[in-house]
Amino acid sequence: SNRAVSRRLACGDVEGRLEAIFGRVRAIQAKSGRFDMLLCVGNFFGSTCEAEWAEYRTGAKKAPIPTYVLGANNQDTLSYFPDLSGCELAENITYLGRRGVYSACSGLQIAYLSGTEAQQQPPPAHSFSAKDVAELKTSLLSTPNFRGVDILLTSPWPRDVGTFANSAGEIDTKKCGSKLVSDLAASLKPRYHFAALEKAYYERLPYRNHMVLQETPQHVTRFIALADVGNTSKKKYLYAFSIVPMSSMDPAELVKQPQDVTENPYRKLRKEAPKSKASLSAEEEPACQFFFDLNKHQGKKRPSDGKERGDSQPKQAKKPPQPTGPCWFCLASPEVEKHLVVSIGTHCYLALAKGGLSPDHILILPIGHYQSVVDLSSEVLEEVTKYKAALKEFFRSKGKRYVLFERNYRSQHLQLQVIPVPLDLCTSEDIKEAFIAQAQEQQIELLEIPEHSDIAQVAQPGLPYFYVELDTGEKLFHRIRGRFPLQFGRCVLASEALLAQPQRADWRQCALQRPEETAQARAFRREFEPFDFSLRD
């Protein structure tokens, strides 16, 4: 029903320029009809606005629209707020309070937090502390069936809001704003989040509030930072929008994902947050439940022909398929560059990568001709797992962690690329973030899948995919539907965000002469020996 639609205006720092903002609002209403309310974030008062304000406070002038403002962000303007817990400041102008939720008569829920993040204890009157944020979160998250709020108003930007997003111009979102605000936004899942204080306009692409493949879809959040009223650079300071309260929306309509939706910029915070009761029950479902959308694109599920993973018959008997032509990676074939081989097990072997990203860039390969991890028999898979464990232990002993990836696309023989990254260079979150961000730039949807799930649960046999796995077991997966950049995994690792050796992104630029390759392989073999189970078995 159209009755529930409300038209709102949001505005950045007014800085006491009341004539300017209310003049602009009158002009907009004359042109496009009435709005229900004006929401002001940032500094509502300026240092020199006593005279202008006196006319509104005494009732000589009146705001043309119900106006709701946040509290002071500095000592100078505290005196304008007679009651810090919220009060009417003048006719049609209301100060919301330090923190809380305002429920409009339409059913719209507006969460708000006044002030800037406290830098000292006890927090000054114009600041908020971790305790304020925790209490506001608890009051909302404890309400039955909490799904999020319609609007969140804060003065500071949330720290890191620019991660996985369009550029915020001259603002460095890794340094700007408040971590506590990010934490609040991550938990409250507002549909709109407004902030100011930076004298900049930034409309971030909408971001999702659920982990794809792991949680049911939820609504997206639009973050909008507004500039200061009447700024000379003509940056946008007033934002008009229509919104139907979440409470009166059709759930399917609410969770529609726009085309340009991005990964959640606060996923780090979400990972650290204690699991809520709701998500715990979902965790106990069998893993197959998580991949609700994977069969839908393929139409019919393939018939069970005894090749299913969970089948009681052991998979041993099946011989690996034979290559149709010469294969560079079948150990039995004359094409294999044997001098690169550093370890040989029963079903798999390790080889130094040709033109590796680093001298200890390794490939895990099946001895037989298998195209992808999904096609491996259980015994081969078991040995792959043993090699992974040995390599993890080996690299950790050298202060490194490995990043492994497989590209099952335009490749004949399975190659698991294993590339070590120094532990002090970046965290596992940084590595995932670099992969997701660079994938997004190329319109590649790289999704995190549950740690203990197996690639075979998400990939269908015969269909191309790319996946990354960290030595912690964390995995990111992309199902390739069209073209895919062949060097993608290597480019991300070589990029400034990780190893910072972009010139090594192409293996052909890194190829060595055979004697050097032989020496490198010999050196690796010698160092890996204490960890190599194939020598002991």
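Look up a bit, the structure's there.
Since the structure is predicted, the reported quantities are computational estimates derived from the model, not experimental observations. (Residues numbered from 1 in each chain as written. Predicted model: local features only at pLDDT ≥ 70, side-chain atom pairs only at ≥ 80, totals over all residues. Heavy atoms only, no water.)

As for its placement among the helices and strands, Ser397 is situated in helix H8 (residues 378-397). Within polar-contact distance, the side chain of Ser397 engages the backbone oxygen of Phe394 at 2.5 Å. (Helix = DSSP H or I, 4+ residues; strand = E, 2+ residues; numbered from the N terminus. Polar contact = N/O pair within 3.5 Å; in protein donor to acceptor, adjacent residues only side chain to side chain.)

Pairing within the open sheet is mixed, and its six strands lie in the order S4-S5-S3-S2-S1-S15. Each edge of the sheet is formed by a strand with only one pairing partner; in this case those strands are strand S4 (87-90) and strand S15 (238-243). Geometrically, the sheet is characterised by an average inter-axis angle of 25° between neighbouring strands, direction not taken into account. As paired elements, strand S3 (residues 67-69) and strand S5 (residues 93-95) share three bridges and run parallel to each other. By the bridge assignment, Tyr68 is partnered in S5 with Thr94. Helix H2 (residues 50-57) contacts S4 and S5 of the sheet and is inclined by roughly 110° relative to S4. (Pairing = 2+ DSSP bridges. Axes fitted to C-alpha atoms, helices over the stretch in contact; angles between N-to-C directions. Contact = heavy atoms within 4.5 Å.)

The next thing to look at is helix H12 (residues 514-528). Taking 1.5 Å per residue as the helical rise, H12 with its 15 residues ought to reach 21 Å, and the 21 Å between its terminal C-alpha atoms agrees with that figure. Along H12, the residues classified as buried are Glu517, Ala521, Phe524 and Phe528. Seen from one end, H12 has its buried residues packed into an arc of 65°, which puts them on one side. Structural note: H12 exposes Pro515 and Arg526 on the side pointing more than 90 degrees away from its buried face. Close packing links the buried residues of H12 with strand S16 (341-344), strand S17 (348-352), strand S18 (362-366) and H8. (Expected span 1.5 Å × (residues − 1). Buried < 20%, exposed > 50% of the residue type's maximum accessible area, 1.4 Å probe, protein only. Arc of directions from axis to C-beta.)

Once that is clear, we can look at helix H3 (residues 130-141). One turn of the α-helix equals 3.6 residues, which is why residues spaced by three or four share an orientation. With twelve residues, H3 should cover 16 Å at 1.5 Å per step; its first-to-last C-alpha distance of 16 Å lies within 8% of that length. Of the residues making up H3, those classed as buried are Asp132, Val133, Leu136, Lys137 and Leu140. Each buried residue of H3 sits inside an arc of 130° when the element is viewed along its axis, so together they form one side. Those residues of H3 hidden inside the fold are in contact with strand S6 (99-103), strand S7 (109-113), strand S9 (127-128) and helix H4 (179-188).

Attention shifts here to the pairing of strand S10 (residues 151-154). Of the two faces of S10, the one carrying Ile151 and Leu153 and the one carrying Leu152 and Thr154 are both buried. Bridging between S7 and S10 involves four bridges; their strand directions are parallel. In the sheet register, Ile110 faces S10, and the bridge partner there is Ile151. The handedness of the S10 to strand S11 (residues 192-195) crossover, carried by H4, is right-handed. (Right-handed = clockwise from strand over helix to strand, strands pointing away.)

This part covers the side chain of Thr67. Mapped onto the elements, Thr67 comes out in strand S3. Engagement of the side chain of Thr67 in a polar contact is seen with the backbone oxygen of Ile65, the distance being 2.8 Å.

With that settled, the discussion passes to the packing of aromatic side chains. What the rule picks out here adds up to 30 aromatic pairs. In this structure an aromatic cluster arises from ring pairing among Phe44, Phe45, Trp53, Tyr80, Phe81 and Tyr95. (Phe/Tyr/Trp six-rings, centres within 6.5 Å; stacked < 30°, edge-to-face > 60°.)

On to unusual backbone geometry, then. Across the junction of Gln121 and Pro122, the peptide omega takes the value -10°, indicating a cis bond. As for its position among the elements, Pro122 is in the loop between strand S8 (116-117) and S9. Its identity is not glycine, yet Leu197 carries a phi of approximately 75°, on the positive side. In this fold, Leu197 is placed in the loop between S11 and strand S12 (202-203). Positive phi, normally seen in glycine, also occurs at Arg410, with a value near 50°. Within the secondary structure layout, Arg410 lies in the loop between strand S19 (400-408) and strand S20 (416-422). For Arg410, a relative accessible area of 62% translates into the label exposed.

A general feature of soluble globular proteins is that nonpolar side chains tend to end up buried together. Counting residues in each nonpolar core, the largest one holds 39 residues, and the members touching the most others are Ile364, Leu391 and Phe524. Counting residues per element, this core draws most heavily on H8, which supplies eight residues. Residues within four places of Ile364 in sequence aside, it is in contact with Tyr349, Leu350, Val384, Tyr387, Lys388, Leu391, Leu404, Leu414, Gln415, Leu416 and Val418. Judged by nonpolar contacts, the second largest core, of 32 residues, contains Leu9, Cys11, Ala72 and Cys87. (Core = buried A, V, L, I, M, F, W, Y, C linked by side-chain atoms within 4.5 Å.)

On to the pairing of S16. Note that S16 and S17 share three bridges and pair antiparallel. Residue pairing in the sheet places Ser343 in a bridge with Leu350 of S17. Taking the residues between adjacent antiparallel strands as the criterion, S16 and S17 are bridged by three residues.

Overall, antiparallel pairing links the eight strands, which are arranged S16-S17-S18-S20-S19-S22-S23-S21 in an open sheet. The outermost strands of the open sheet, each flanked by one partner alone, are S16 and strand S21 (447-449). On average, each strand axis in the sheet is inclined to that of its neighbour by 25°, with strand direction left out of account. Those strands touched by H8 are S16, S17, S18, S19, S20 and strand S22 (465-470), and its axis lies near 145° from that of S19.

Mapped onto the fold, Thr77 is located in the loop between S3 and S4. At 2.8 Å, the side chain of Thr77 forms a polar contact with the side chain of Asn74. Excluding anything up to four places from it in sequence, Thr77 contacts Phe45, Gly46 and Ala72.

What follows concerns the packing of helix H1 (residues 18-32) against H2. It is at 10 Å that the axes of H1 and H2 come closest, and there the two elements cross at 55°. When the interaxial angle is binned, H1 and H2 end up oblique. Contacts between H1 and H2 pair Leu18, Glu19 and Phe22 from the former with Glu52, Trp53 and Tyr56 from the latter. Its residues placed into classes, the contact of H1 with H2 shows four nonpolar, no polar and two charged. (Parallel < 35°, antiparallel > 145°, perpendicular 65-115°, else oblique. Nonpolar A, V, L, I, M, F, W, Y, C, P; charged D, E, K, R; others polar.)

Before going further, it helps to examine the pattern of salt bridges. Enumeration over the complete set of coordinates arrives at 28 salt bridges. Glu91 is paired through a salt bridge with Lys62; the nearest N and O atoms lie 3.4 Å apart. Note that Glu91 is positioned in the loop between S4 and S5 and Lys62 in the loop between H2 and S3, a separation of 29 residues in sequence. (Salt bridge = Lys/Arg side-chain N within 4 Å of Asp/Glu carboxyl O.)

Moving on to the packing of H3 against H4. The geometry of H3 relative to H4 is characterised by a closest axis approach of 10 Å and an angle of 5° between their N-to-C directions. Our classification of the angle between H3 and H4 gives roughly parallel. Of the residues in H4, those touching H3 at Ala130, Val133, Leu136, Lys137, Leu140 and Leu141 are Leu180, Asp183, Leu184, Ser187 and Leu188. For the contact of H3 with H4, the residue count by class is eight nonpolar, one polar and two charged.

Just geometry here; none of it tells us what the structure is for.
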